[in-house]
Amino acid sequence: MSGIRVIGLRGDFTFDRAMDHFESLGAEVALLDPDAVCGKDHLVSAYMHAEKAFAEGRNRSKKIVTEMILYAAFERQIGRALDAVRPRPGSGAVVAAVIGYDGDLELGKLGAVEDPALLAPSAEKAGRLGVELFEGVSPEDAVLEKVAFVDLMKQ
């Protein structure tokens, strides 16, 4: 899976506390609003495109996690990308894209439990992301096409 784990999390924790938790494990993490993630492959693809951008010197950011967020949000500008995917405060739900850590995530210490349903792709999520849907194309596939399109936008 090329160095990324994508999990839906529910619990009573703050954004900052979750960031501190994952960083204390030695992992880089992006915490995203579940409504801004249309399937696990959405973030896996964004990460793979970010890795390729770094390898080819086309990255717009200094950190792989930030570059991944650009692709996941279909944006060229970091501020707009962060605004588009930032979790809602107090929602009790996030999607975590954990990079560079294969060990135990110690979710109990965070007060979180995994919820795979938060990753479920849907036409509603794709629509909220501004992805146009066509007959015969799944919402997740349409989102993956839009992730790939970011490379063209960055040129």
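Residues numbered from 1 in each chain as written. Predicted model: local features only at pLDDT ≥ 70, side-chain atom pairs only at ≥ 80, totals over all residues. Heavy atoms only, no water.

Novice: Which residues make up the sheet that holds strand E4 (residues 112–114), and what are the values?
Specialist: In spatial order, the strands read E2-E3-E1-E4; together these four strands make up an open sheet with antiparallel pairing. Two strands bound the open sheet, and with one partner strand each, they are strand E2 (28–32) and E4. Adjacent strand axes in the sheet meet at a mean angle of 35°, parallel and antiparallel pairs treated alike. Bridge count between strand E1 (residues 4–11) and E4: three bridges; the pairing is antiparallel. By the bridge assignment for E4, Arg10 is matched with Val113. (Pairing = 2+ DSSP bridges. Helix = DSSP H or I, 4+ residues; strand = E, 2+ residues; numbered from the N terminus. Axes fitted to C-alpha atoms, helices over the stretch in contact; angles between N-to-C directions.)

Novice: A description of the pattern of salt bridges should follow, citing residues and the corresponding values.
Specialist: One pass over the full model with this rule turns up nine salt bridges. Across the pair Glu75 and Arg80 runs a salt bridge, and its minimum N-O distance is 3.2 Å. Here Glu75 falls in the buried class, since its relative accessible area comes to 17%. On the basis of relative accessibility, which here comes to 48%, the residue Arg80 falls in the partly exposed class. A salt bridge links Lys109 to Glu106; the shortest N-O distance between them is 2.9 Å. In this structure Glu106 comes out as partly exposed when scored by relative accessible area, which is 25%. Among the charged side chains, a network of salt bridges with common partners joins Asp33, Asp35, Arg88 and Arg128. (Salt bridge = Lys/Arg side-chain N within 4 Å of Asp/Glu carboxyl O. Buried < 20%, exposed > 50% of the residue type's maximum accessible area, 1.4 Å probe, protein only.)

Novice: Give me the nonpolar core: which residues, what numbers.
Specialist: What tends to happen in soluble globular proteins is that the nonpolar side chains get buried as a cluster. In this structure, Ile4, Leu43 and Met68 are the most contacted members of the largest nonpolar core, which totals 37 residues. Among the secondary structure elements, those contributing two or more residues to this core are E1, E2, helix H2 (40–55), helix H3 (64–73), helix H4 (78–85), strand E3 (93–99) and helix H7 (139–153). In terms of residue count, H3 provides more of this core than any other element does, eight residues in total. Leu9, Ala18, Val29 and Leu107 belong to the second largest nonpolar core, which has 18 residues in total. (Core = buried A, V, L, I, M, F, W, Y, C linked by side-chain atoms within 4.5 Å.)

Novice: Kindly report on the layout of surface pockets, identifying the contributing residues and their values.
Specialist: Of the voids in this model, the largest pocket is the one considered here, and its volume is about 270 Å³. For the lining of the largest pocket, the secondary structure elements donating two or more residues are helix H1 (15–24), E2, H3 and H4. The dominant element in the lining of the largest pocket, judged by the number of residues it contributes, is E2, at four residues. Looking at side-chain class alone, the lining of the largest pocket contains 10 nonpolar, one polar and four charged residues. Approximately 200 Å³ is the volume attributed to the second largest pocket. Along its surface, the second largest pocket is lined by 14 residues, and Phe13, Phe15, Arg88, Pro89 and Gly90 are the ones closest to its centre. Looking at the lining of the second largest pocket residue by residue, the classes come out as six nonpolar, five polar and three charged. (1 Å grid on protein atoms, 1.4 Å probe; cavity = no way out; pocket = protein on both sides within 12 Å on 5 of 7 lines; lining within 4 Å. Points joined across faces, edges and corners; volume = space filled by probe spheres on them. Nonpolar A, V, L, I, M, F, W, Y, C, P; charged D, E, K, R; others polar.)

Novice: Before we move on, could you go through the pairing of E1 and cite the residues and values that matter?
Specialist: Regular strands place their side chains on alternate faces of the sheet. Relative to E3, E1 runs antiparallel, the two being bridged by seven bridges. Each bridged residue has a counterpart across the sheet, and for Arg10 the counterpart in E3 is Ala93.

Novice: So what about the environment of Gly3? Which residues, and what values?
Specialist: Its place among the elements puts Gly3 in the segment before E1. Residue class for Gly3 comes out partly exposed when judged on its relative accessible area of 36%. Taking the C-alpha atoms as reference points, Gly3 and Asp102, separated by 99 residues in sequence, lie 8.0 Å from one another. Beyond its immediate stretch of four places on either side in the chain, Gly3 contacts Tyr47, Val98, Ile99 and Gly100. (Contact = heavy atoms within 4.5 Å.)

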